[in-house]
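Inside the fold
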Amino acid sequence: ADSIEQCKEAVRRNPDSIEAICNLADAYTEQYIETGKANEKLADIALKIALEARKLNRDSALPHAAMARIYQATGNNSKAVERGGPRRSSPKTPR
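Residue positions within a chain follow its written sequence, with the count starting from 1. Given that the model is predicted, a residue must reach a pLDDT of at least 70 before its local features are reported, and side-chain atom pairs must reach 80 or more before they are shown or counted; all residues, however, enter totals for whole chains, interfaces and linings. Each side-chain value is worked out from all heavy atoms of the structure, with water and hydrogens disregarded.

**A short note on the confidence of the model for the protein**
Low-pLDDT stretches of the model should not have their predicted coordinates read in fine detail. Per-residue confidence from the predictor is reported as pLDDT, which spans 0 to 100. Across the protein, the average pLDDT comes to 86, with 82% of residues at 70 or higher. Note that pLDDT drops below 50 for residues 85-95; the model gives that stretch five contacts with residues more than four away or on any other chain. Residue contacts are counted whenever heavy atoms from the two residues lie within 4.5 Å of one another.

This is the structure:
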């Protein structure tokens, strides 16, 4: 919860900072994970924040990465990969 408050303060100081906004989304995602994924509202808040960051700059990778982490944490792996999250590497074919 302390990291959420610190990130909120960073967003208050610089409301147009995509990095600060995405850090706040990440803090909510981490809180969701740390609490055993019991409170889905935390994930919902994280996603809403990441979507707001994307509105500021659709070309920035940061909001997409934040969304990928949220989707991965909530078990929506197909959307996580779609947003640029971790991809499973395919086995290399010998030549």
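Resuming the write-up.
**Section: the side chain of aspartate 26**
In this fold, aspartate 26 is placed in helix 2 (residues 18-34). Polar contacts, as counted here, are pairs of nitrogen or oxygen atoms within 3.5 Å of one another; within protein the pair requires one atom able to donate a hydrogen and one able to accept it, and residues that are adjacent in sequence qualify only if both atoms are side-chain atoms. A polar contact is formed between the side chain of aspartate 26 and the side chain of arginine 69, at a distance of 2.9 Å. Those residues in contact with aspartate 26 that sit more than four places away from it in its chain are Ala66 and Arg69. What counts as a helix is a DSSP run of H or I of at least four residues, what counts as a strand is a run of E of at least two, and both are numbered from the N terminus.

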